[in-house]
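Fold and contact review
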Amino acid sequence: MPRDFLKGVEDQYDVVVIGSGLGGMTSANILGRAGHRVLLLEQHYKLGGLATWFLRPGGHVFDISLHGFPHGMIKSCRRYWNRDIADRIVQLKNIRFDNPQFSLTTTFNREDFTRLLTTDFGIAPAKVNDFFDTARGMNFYDDQAITTRQLFDRFFPGRDDVVRLLMEPITYANGSTLEDPAITYGIVFSNFMNKGVFIYEGGTDDLVARMKKELQSNGVDIRINCGVDRIHVKDGKVSAVETHGRRIGCRAVVSNANLRTTILKMIGPEKLDRDYVDQTEAVRLNNSSTQVYMALKPGEEIDESSGDLFFTSTAEEFRTDLLLSRDITSRTFSFYYPRTRPSKKERFAIVSSTNANWADWADLNEHDYETSKQDLVETTIEALEKYIPGIRNKIDRAEAATPRTFNHYTQHEMGASFGTKFEGLGVSRALPQQVGGMYHAGSVGIIMSGWLGAINYGVIVSNEVDQQLTSESQHT
Ligand SMILES: Cc1cc2nc3c(=O)[nH]c(=O)nc-3n(C[C@H](O)[C@H](O)[C@H](O)COP(=O)(O)OP(=O)(O)OC[C@H]3O[C@@H](n4cnc5c(N)ncnc54)[C@H](O)[C@@H]3O)c2cc1C
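Criteria and cut-off values
Residues numbered from 1 in each chain as written. Predicted model: local features only at pLDDT ≥ 70, side-chain atom pairs only at ≥ 80, totals over all residues. Domains from an automatic or database assignment. Contact = placed C-beta atoms within 7 Å. Helix = DSSP H or I, 4+ residues; strand = E, 2+ residues; numbered from the N terminus. Pairing = 2+ DSSP bridges. Axes fitted to C-alpha atoms, helices over the stretch in contact; angles between N-to-C directions. Near = placed C-beta within 6 Å. Nonpolar A, V, L, I, M, F, W, Y, C, P; charged D, E, K, R; others polar. Buried ≥ 20, exposed ≤ 12 C-beta atoms within 10 Å, placed from the backbone. Core = buried A, V, L, I, M, F, W, Y, C linked by C-beta atoms within 7 Å. Left-handed = near helix turned anticlockwise from the far one by under 90°.

1. A few points about the domain arrangement of the protein chain
Taken domain by domain, the protein chain comprises domain 1 (12-45 + 224-284 + 418-474), domain 2 (53-91 + 198-205 + 287-410) and domain 3 (109-195). A straight line from the C-alpha centre of domain 1 to that of domain 2 covers 29 Å. Contact residues are listed per partner, giving 10 residues for domain 1 and 8 residues for domain 2. Elements represented by at least two residues in the side of domain 1 that touches domain 2 include exactly α1 (22-33) and α18 (450-474). Here the side of domain 1 that touches domain 2 gets 6 residues from one element, more than from any other, and that element is α18.

2. Regarding the sheet that holds strand β14 (residues 309-313)
Working definition: the strands of a sheet are paired by backbone hydrogen bonds and lie parallel or antiparallel to each other. Taken in spatial order, the 7 strands make up an open sheet running β7-β6-β14-β15-β16-β13-β17, and their pairing is mixed. The two strands at the open ends of the sheet, each matched to only one other strand, are β7 (102-106) and β17 (395-401). Within this sheet the neighbouring strands show an average axis-to-axis angle of 15 degrees, counted without direction. The pairing of strand β6 (residues 95-99) with β7 spans 5 bridges and is classified as antiparallel. By the bridge assignment, Asp 98 is partnered in β7 with Ser 103.

3. Structural notes on the site of the ligand
Taken together, 40 residues sit near the ligand, with Gly 19, Gly 21, Gly 23, Gly 49 and His 67 positioned nearest. Of all the secondary structure elements, the ones that give two or more residues to the shell around the ligand are α1, β13 (288-296), α16 (403-410) and α18. A class-by-class count of the residues in the shell around the ligand yields 14 nonpolar, 25 polar and 1 charged.

4. Details of the environment of Glu 378
On the secondary structure map, Glu 378 appears in helix α14 (residues 366-385). Given 14 C-beta atoms within a 10 Å radius, Glu 378 is considered partly exposed. A C-alpha to C-alpha distance of 9.6 Å links Glu 378 and Val 292, two positions 86 residues apart in sequence.

5. Some thoughts on the environment of Arg 331
Mapped onto the secondary structure, Arg 331 falls in strand β15 (residues 330-336). Beyond its immediate sequence surroundings of up to four residues, Arg 331 is in contact with Thr 312, Ser 352, Thr 354, Thr 380 and Ala 383.

6. Describing the pairing of strand β16 (residues 349-356)
Remark: a regular strand shows side chains that alternate across the two faces of the sheet. Among the 8 residues of β16, 8 are classified as buried, and the element is accordingly described as predominantly covered. Of the two faces of β16, both are covered, the one formed by Ala 349, Val 351, Ser 353 and Asn 355 as well as the one formed by Ile 350, Ser 352, Thr 354 and Ala 356. The sheet contact formed by β15 and β16 spans 5 bridges and is antiparallel. If you follow Tyr 336 over to β16, its bridge partner there is Ala 349.

7. With respect to the nonpolar core
Residues Val 15, Val 16 and Val 253 are the most contacted members of the largest nonpolar core, which totals 129 residues. Once residues lying within four places of it in the same chain are set aside, the contact partners of Val 253 are Val 15, Val 16, Ile 18, Ile 231, Val 238, Val 241, Gly 437, Met 438 and Tyr 439.

8. Quick look at the environment of Asn 218
Its place among the elements puts Asn 218 in the loop between α9 (203-217) and β9 (221-223). With 187 residues separating them in the primary sequence, Asn 218 and Leu 31 have C-alpha atoms 8.6 Å apart. Apart from residues no more than four positions distant in its own chain, Asn 218 is found in contact with Asn 29, Gly 32 and Arg 33.

9. Focus: the packing of α1 against α18
With their axes 7 Å apart at the nearest point, α1 and α18 run at an angle of 35 degrees to one another. Relative to α18, α1 is oriented so that their crossing is right-handed. Every residue of α18 that contacts α1 at Leu 22, Gly 23, Gly 24, Thr 26, Ser 27, Ile 30 and Leu 31 is listed here: Trp 451, Ala 454, Ile 455, Tyr 457, Gly 458, Val 459, Val 461, Ser 462, Val 465 and Asp 466. The residue makeup of the contact of α1 with α18, split by class, is 10 nonpolar, 6 polar and 1 charged.

Take a look at the structure:
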């Protein structure tokens, strides 16, 4: 008999959270802690969404998206999760770049970038200061008019090398491009420059296990393998969600699933204003990614001088289309040492990431798809050999993930790794005005994506849900 993943589930909750990405889990945790009855439904057999891991023979554990996030994660995790989680967040101090325009090592914060920009790149200190202050002062209400390219043109005209240093890591961190509103750059760049790049020391398996424990201690009912097919609306308000053919009643829904899927498929256009549907249909998804996960044989090591994060490129200039091309020129290597990523067995691992377009992978037949994946693994190891000679012989296991992999495991349309472009934020925020009690909290608008953005958006939205539920309770 098939397992009943809904065994013991109640008929009615205060709030149902759809999806256990960082945004969904954070919302569920805050609402559970506030005393609401919360059901968390995840379609996959694991929690974490893109912030998860997988295990392979030989005891190799691979983290999917644990490469780096800003210092702000410590505060958000301490406040909205717990101290145990916050205390495991550590800085990555050895960030490297190598491309035809420059090779350098940095701690990736304002102080060190000021040093690099003034001494290595010859920019006047006052100009560098002004740039940092302008980026940090950007806010949602004033700064949507100019693009990131225009921002750079204003400060560093004709300096493609400077743009590359300032932009390449942010494109990697949130998928934004020179054509996106400058605010999407300014906020994320300033978050990193505040104190540098951080990761979670125990790996995502440890993080998600701790989050699960905290959710359970706050009374959240967690169900995996429970994809939500429909969100039911009655008299303009959410009334229930449907999973495995069963309706579960609720007063509010927080969807952590893809924004477009939530609105156009789970709710359905017929329940919404035409204008709003048009706006949703016009929301562009962000790009996806390819990754190559490489685990070293037991006893093999990588020297720590390899760095923590290493931005490499063979492209002569910095161009968004080159960053996304199937003809890969840019690879960012994450090096995991037993110190930065402890696990039961002392192991070293390397993950190579490259931004990618869904269209380049979507229509390949199975044979071509497998061949392309193998080619991706081979060319990545070749590229790595340039920096770590002999690495090929040290690798025990290597495998690739593509936009199709991310689409398969998270159901994000086009395998989007960072949600939607900027316009998605307004659509996400306007959802409760379309359907009472219906909220979205997940990667959108570039700003609200990545680990920190997703968690913080989960916080914002859960506060709104809490207000709704509390005020309804006071009026009944
Ligand atoms: C390869 C890669 C590397 C990355 N590296 C970094 C990094 O170094 N630093 C960083 O800050 N960010 C990184 N990111 C981005 C970051 O991981 C994400 O922005 C963030 O984890 C997304 O969180 P989220 O809350 O939006 O939910 P998601 O992680 O997108 O999760 C959504 C969840 O909803 C579930 N779901 C979908 N549909 C349904 C349904 N119908 N019913 C039930 N459940 C459903 C999915 O299964 C999933 O668990 C990376 C992303 C990728 C892909």
